[in-house]
Amino acid sequence: MSEKEKTETSEAEIAVHWGEEAYYYPSLEFVAQANCTDPSIYERFSLDNFPNCYKEYADLLDWYEYWHTTLDTSDAPCWKWFVGGKINASYNCIDRHLPKNRNKTAIHFVPELEEDKVEHITYQELYVRVNEFAALLRDFAGLKRGDRVTLHLPMTPELPITMLACARLGVIHSQVFGGFSGKAAADRVVDSRSHVLITIDGYFRGGHLLDHKEKADIAVEAAAKEGQTVDKVLVWQRYPGKNSTPTPMVDGRDYFVNDLLKKYYGARVEPEKMPAEAPLFLMYTSGTTGKPKGCQHSTGGYLAYVAGTSKFVQDIHPEDVYWCMADIGWITGHSYIVYGPLALGASSVVYEGIPNYPDAGRAWRIAQDLNVNIFHTAPTTIRALRKIGPDEPRKYNYKFKHMTTVGEPIEPAVWKWYYEVVGKKQAAVVDTWWQTETGGFLCSTLPAIKPMKPGSAGPGMPGIHPVIYDEDGKEIPTGANKAGNICIRNPWPGGFQTIWGDRERFVRQYYERYCKNPKSKDWRDWPYLTGDAAMEAADGYFRILGRIDDVINVSGHRLGTKELESAALVVPEVAEAAVVPVSDEIKGKVPDLYVSLKPGFQASPELAKKISDALAREIGPIAKPRKVWIVTDMPKTRSGKIMRRVLSAISNKGDVGDVSTLANPEIVDQIRKMVL
Ligand code: WTA
């Protein structure tokens, strides 16, 4: 075991290790209509047919020019897919559907307030709105191919419209989760060097109209301090023509989109013919250091991968009503609310609010009223809905043919409730394992071909060839019943291209660990390190156990422990901070924050609150710790390293193990008494 492991906690160490479960089979009704029923797909996507197999996904799209090279590995491990190809994502998600499906709903927008009207935006309407806004971005904001623009938008149609308008121009969008703070938006503005920030005045959450515009002011000011000037803030209005924020507009910097748009009514913008490998967007995510990293996703490869997986795993057909209840501010929403479903011409639901507003039946009412038949959400939401309304789904008359779970391990008991009560035993369930970095699914069952197994994500996707390595880089064989670090042997088109502006970190973090030869241009030498621990059963199904690094998955939202710790250190009284994940019945994991104070300061409930508030302010409310423990000292190794493993064991009421080699073993009991 390396020094790193002895001193740092991995989530896998405290992961729930449930056992293997029996198979569940999809209904004949589902199989009869499924997009993918031919088991030879695994053969078609075998390593022997790699990388050309991915032509099958790329052929789901319309290309201006076909590619000459399927996979270019000359700049390993920055893979380039479909090189020579020219494509536009906005065209593929909108224009190409117009001849046949102009009047079909592209987006059903469900406002959080039930008394507000549901909007059904047709492909034609989407086309008009995207074109007009693209014209504004080009002619008023001066944005062009390759520029980055930061979006800080909630779940309203303006978000996909903005993304697709950017894509039309070849502008790289970087959407920051709406619930994140102005400060978090600022960090991303600075890193991506955005001159334009696109926001909205307000939106509904839990029945309250939140002032969102105030975050833009904070973001612009904080970015300026870091040397990045935002010269235009474009503000959408939650109610067009009406101002929903008390925060004033800044003259010469802030503009209401709806005022400006009038000049562009009727405008049409020719989609840019983008090289397949041109970046489509950045999605910032947490990693092992404090600084979030911008995962750079390509246009052609990404779109091909999300279209293919939406078709084969999500089983989207043109007549389906598809609802992914994630936030577009996360990768799930980018891939499986916007780009995948719209590339296939589906009707995709965008719901503004929280799943339980105003009551535990809301989600099922929406499903019933819109005739949703494909439903997609995260274990955290499933657990929460099960807790507050275990019988609610039975009261509503909807029928799901297919359901997805994503983002965290789902325990078999929760899976079974999802299957039996939410899905009424009629829906095929897929447990999809993947990451911001991977663009689309890595492991999942193909719903009509492979049976479901509660608690297991399933085999590698067609064309994705996972491998589990032990600490020494030896492969752990299938069925060995031993956990290890799950990697992917081969590149795939949906994989991110690099970390924006930090190739060195990209290589180090994802490829260095198991790279067979750093000079090699052969993809076989570059297994991709996912950062998760996993076990592979004899049937080739993977059970994901959790992160091996300093990432905590809170309600399916990814937070870096270092990120939380550095936010705590902003409080002047705090000397040291350590964050550990604690198992939680609903949220999967929640952070516990341990801090020690600088000399001369005293612990108090007020101070604990001040520290907790600092995390919410710096990052967002989802970063609030379960508890702030102010300790007199941290358990440390003799070299002065904080023993997070010990703190984690205490928080999780587990065994702290042998602490005799610590520099200050006596502190362990003291902290334990305090916590218990
Ligand atoms: C975890 C979300 C178990 C995993 C799409 C991964 C999962 C991290 C699953 C990525 C799943 C995601 N079962 N764990 N089905 N899906 N994870 O980047 O630890 O927000 O590394 O992407 O979530 O989180 P991210």
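Anyway, here's the lowdown on the structure attached to this text. If you're wondering where the values come from, they're calculated on a predicted model, not measured in any experiment.

**Re the side chain of K232**
Okay, so step 1: In this structure, K232 sits in strand 11 (residues 232-236).
Okay, so step 2: With no salt bridge to any partner, buried K232 finds its closest opposite charge in D231, at an N-O distance of 5.0 Å.
Okay, so step 3: Sequence-distant contacts of K232, defined by excluding residues within four places in its chain, comprise F140, A141, H195, V196, L197, R253 and Y255.

**Remarks on the site of the ligand**
Okay, so step 1: What surrounds the ligand is a group of 17 residues, the closest being D431, T432, T436, D532 and R558.
Okay, so step 2: The separation between a nitrogen atom of the ligand and a polar main-chain atom of G407 is 3.0 Å.
Okay, so step 3: In the environment of the ligand, a nitrogen atom lies 2.7 Å from a nitrogen or oxygen atom belonging to the side chain of D431.
Okay, so step 4: When the free accessible area of the ligand is taken as 530 Å², the share hidden by the protein chains comes to 96%.
Okay, so step 5: Of all the secondary structure elements, the ones that give two or more residues to the shell around the ligand are helix 13 (331-343), strand 20 (428-432) and strand 25 (542-547).
Okay, so step 6: The residue inventory of the shell around the ligand, partitioned by class, reads six nonpolar, six polar and five charged.

**Describing the packing of helix 12 (residues 300-312) against helix 13**
The description of two helices packed together rests on the angle between their axes and the distance between the axes.
Okay, so step 1: At a minimum axis distance of 8 Å, the contact between helix 12 and helix 13 shows a crossing angle of 85 degrees. The angle between helix 12 and helix 13 places the two elements in the roughly perpendicular class. Contacts between helix 12 and helix 13 pair Y302, L303, V306, A307, T309 and S310 from the former with H334, S335, Y336, Y339, G340, P341 and A343 from the latter.

**Quick notes on the packing of helix 15 (residues 379-388) against helix 16 (residues 412-422)**
Okay, so step 1: Remark: helix 15 packs on helix 16, axes separated minimally by 10 Å, with the N-to-C direction vectors making an angle of 70 degrees. By the angle between their directions, the pair helix 15 and helix 16 is classed as roughly perpendicular. Contacts between helix 15 and helix 16 involve I382, R383, L385 and R386 from the first element and A413, V414, W417 and Y418 from the second.
Okay, so step 2: In terms of residue class, the contact of helix 15 with helix 16 is made up of six nonpolar, no polar and two charged.

**Observations regarding the sheet that holds strand 15 (residues 293-298)**
Okay, so step 1: Strand order across the open sheet formed by eight strands is 12-11-8-6-7-14-15-23, with mixed pairing between neighbours. Looking at strand neighbours, the two that pair on one side only are strand 12 (254-256) and strand 23 (498-499), the edges of this open sheet.
Okay, so step 2: Note that strand 8 (residues 196-200) and strand 11 share five bridges and pair parallel. Counted as the bridge partner of V196 is K232 from strand 11.
Okay, so step 3: Sitting on the sheet, helix 10 (residues 213-225) is in contact with strand 8, strand 11 and strand 12, with an inclination near 160 degrees to strand 8.
Okay, so step 4: Each of strand 7 (172-175), strand 14 (279-285) and strand 15 is contacted by helix 13, which is oriented at about 145 degrees to strand 14, the strand it contacts most.

**What about the pairing of strand 11?**
Okay, so step 1: Most of strand 11 is tucked away, with five of its five residues classed as buried.
Okay, so step 2: Residues K232, L234 and W236 of strand 11 are buried on one face, and the alternating residues V233 and V235, pointing to the opposite face, are buried as well.
Okay, so step 3: Across three bridges, the pairing between strand 11 and strand 12 is parallel. Bridge assignment links L234 to a residue of strand 12, and that residue is Y255.

**Comments concerning helix 17 (residues 503-510)**
Okay, so step 1: Every buried residue belonging to helix 17 is among R505, F506, Q509 and Y510, and all of these are buried. For helix 17, the arc enclosing every buried residue in end-on projection is 105 degrees, short of the 170-degree limit, so these residues lie on one face.

**A short note on the packing of aromatic side chains**
Okay, so step 1: For the structure on display, the rule yields 49 aromatic pairs.
Okay, so step 2: With a centroid separation of 5.6 Å and 85 degrees between ring planes, the pair formed by F180 and W330 is classed as edge-to-face. Separated by 150 residues along the polypeptide, F180 in the loop between strand 7 and helix 9 (182-192) and W330 in the loop between strand 16 (321-324) and helix 13 bring together distant segments of the chain.
Okay, so step 3: Residues W415 and Y419 carry aromatic rings whose centres are separated by 5.4 Å and whose planes lie at 15 degrees to one another, so their mutual orientation is stacked. Of this pair, W415 and Y419 are both found in helix 16, four residues apart, which corresponds to roughly one turn of the helix.

**Description of the pattern of salt bridges**
Any two side chains of opposite charge can pair, given that their charged atoms come close.
Okay, so step 1: In total, this model carries 51 salt bridges according to the counting rule given.
Okay, so step 2: Between K55 and D59 there is a salt bridge, with its nearest N and O atoms 2.7 Å apart.
Okay, so step 3: Judged by its relative accessible area of 38%, K55 falls in the partly exposed class.
Okay, so step 4: We note a salt bridge from R383 to E408, for which the minimum N-O separation is 3.2 Å. Placement of R383 in helix 15 and of E408 in the loop between strand 19 (402-406) and helix 16 is noted, with a sequence separation of 25 residues between them. Here R383 and E408 have matching classes, each one buried.
Okay, so step 5: Because the salt bridges share partners, they merge into one network encompassing E20, K453, D539 and R543.

**So, the nonpolar core**
Okay, so step 1: Of all hydrophobic cores here, the largest spans 119 residues; its most connected members are Y54, L126, F133, I198, L234 and Y339.
Okay, so step 2: A per-element tally of this core places helix 7 (residues 123-139) first, with 10 residues.
Okay, so step 3: Apart from residues lying up to four places away in sequence, L126 is in contact with I94, A106, I107, I121, I161, L164 and L342.
Okay, so step 4: Counting residues in hydrophobic clusters, the runner-up holds 43 residues, among them V189, A216, V235 and L564.

Thresholds applied
- Residues numbered from 1 in each chain as written.
- Predicted model: local features only at pLDDT ≥ 70, side-chain atom pairs only at ≥ 80, totals over all residues.
- Heavy atoms only, no water.
- Helix = DSSP H or I, 4+ residues; strand = E, 2+ residues; numbered from the N terminus.
- Buried < 20%, exposed > 50% of the residue type's maximum accessible area, 1.4 Å probe, protein only.
- Lys, Arg positive; Asp, Glu negative; His and termini not counted.
- Salt bridge = Lys/Arg side-chain N within 4 Å of Asp/Glu carboxyl O.
- Contact = heavy atoms within 4.5 Å.
- Near = heavy atom within 4 Å.
- Polar contact = N/O pair within 3.5 Å; in protein donor to acceptor, adjacent residues only side chain to side chain.
- Areas by Shrake-Rupley, 256 points an atom, 1.4 Å probe, with all protein chains shown as cover.
- Nonpolar A, V, L, I, M, F, W, Y, C, P; charged D, E, K, R; others polar.
- Axes fitted to C-alpha atoms, helices over the stretch in contact; angles between N-to-C directions.
- Parallel < 35°, antiparallel > 145°, perpendicular 65-115°, else oblique.
- Pairing = 2+ DSSP bridges.
- Arc of directions from axis to C-beta.
- Phe/Tyr/Trp six-rings, centres within 6.5 Å; stacked < 30°, edge-to-face > 60°.
- Core = buried A, V, L, I, M, F, W, Y, C linked by side-chain atoms within 4.5 Å.

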